[in-house]
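# Coordinates in review
Listed here are the chains, written in short residue letters.
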Amino acid sequence: MAKTQISLTLNGKEIEALVEPRTLLIHFLRDELKVTGPHIGCETTHCGACTVDLDGKSVKSCTVFAVQADGADVLTIEGMAQADGTLHPLQQAFREHHGLQCGFCTPGMITRAYRLLKENPNPTEEEIRMGISGNLCRCTGYQNIVKAISAAAAEMAGGEMKEAAE
Ligand code: FES
Ligand code: FES
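Notes on the structure follow. The shown structure was predicted, so the numbers you read here are calculated from the model rather than taken from an experiment. (Residues numbered from 1 in each chain as written. Chains lettered and ligands numbered in written order. Predicted model: local features only at pLDDT ≥ 70, side-chain atom pairs only at ≥ 80, totals over all residues. Heavy atoms only, no water.)

## A closer look at the pattern of salt bridges
- Here the structure, examined in full by the defined rule, presents four salt bridges.
- Put simply, R112 and E119 hold a salt bridge, and the shortest N to O gap is 3.7 Å.
- R112 gets classed as buried once you look at its relative accessible area, which sits at 13%.
- Two residues, E125 and R129, come together in a salt bridge whose shortest N-O distance is 3.0 Å. Here R129 and E125 lie together in helix α4 (residues 125-131), a separation of four residues that amounts to about one turn.
- Residue class for R129 comes out partly exposed when judged on its relative accessible area of 31%. (Salt bridge = Lys/Arg side-chain N within 4 Å of Asp/Glu carboxyl O. Buried < 20%, exposed > 50% of the residue type's maximum accessible area, 1.4 Å probe, protein only. Helix = DSSP H or I, 4+ residues; strand = E, 2+ residues; numbered from the N terminus.)

## Let's talk about a negative patch on the surface
- Taken together, the side chains of E14, E16, D55 and D73 make up a negatively charged region of the molecular surface.
- Overall, D55 belongs to the partly exposed group, its relative accessible area being 48%. (Patch = residues over 30% accessible without salt bridge, like charges linked within 9 Å, V, L, I, M, F, W, Y side chains within 5 Å. Areas by Shrake-Rupley, 256 points an atom, 1.4 Å probe, with all protein chains shown as cover. Lys, Arg positive; Asp, Glu negative; His and termini not counted. Charge placed at Lys NZ, Arg CZ, Asp CG, Glu CD.)

## Looking at the nonpolar core
- Counting residues in each nonpolar core, the largest one holds 22 residues, and the members touching the most others are L90, F94, M109, I145 and I149.
- For this core, the secondary structure elements donating two or more residues are α2 (89-96), α3 (106-119) and α5 (143-165).
- Apart from the residues lying within four places of it in its own chain, the contact partners of M109 are F94, I132, N135, L136, C137, Y142 and I145.
- Formed by 18 residues, the second largest nonpolar core is a distinct cluster that contains L10, I15, V19 and V52. (Core = buried A, V, L, I, M, F, W, Y, C linked by side-chain atoms within 4.5 Å. Contact = heavy atoms within 4.5 Å.)

## Concerning the sheet that holds strand β1 (residues 4-10)
- Reading across from one edge, β2-β1-β5-β3-β4 is the order of the five strands in this open sheet, with mixed pairing throughout. The strands lining the two open edges of the sheet, one partner per strand, are β2 (13-19) and β4 (57-60). Neighbour-to-neighbour, the strand axes of this sheet turn through a mean angle of 40 degrees, independent of strand direction.
- In the sheet, strand β3 (residues 51-54) pairs with β4 via four bridges, with the strands oriented antiparallel. When the sheet's bridge partners are listed, L54 is paired in β4 with K57.
- Packing against the sheet, helix α1 (residues 25-32) makes contact with β1, β2 and β3, and its axis sits at approximately 105 degrees to β2.
- Contacts from α3 reach β3, β4 and β5 (73-75), with the element oriented near 35 degrees to β3. (Pairing = 2+ DSSP bridges. Axes fitted to C-alpha atoms, helices over the stretch in contact; angles between N-to-C directions.)

Read these as geometric descriptors, not functional statements.
Set out below in structure tokens:
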């Protein structure tokens, strides 16, 4: 099948590639770029394991063609930590509050939580639960995921207040 040239920014890095128009973004990321943080669960838009951030929106990358990411800015879990390895506050909070067990949902869950906190930096518990309702977790019962997102929100708000005071 004829391939289409696309270029995008992935986790801050410029990428150029030739893709078949039928290739899904999740397959492009995992199989061609070897970016395997986003997982494949259902491939039918239900589970959220494949969630990535695309141009400031959470998307399920099993439901987006790679060609639709042409010109886009894409963030996956691989792009969350700083270059020196310092974890993003969400990653740190998931670790500290036991927001994961098997970890299968975690990359998608954290990527979704990242956008949720951009949209609403100080969410209530109900807003967090609603915000992650498109991401399924089979292990945790969600309690510690909600705690972790809430703790990360507080941590990030504290950081911003500190920056503002400096
Ligand atoms: S693999 Fe994409 S939503 Fe489940
Ligand atoms: S930690 Fe196992 S599915 Fe969420």
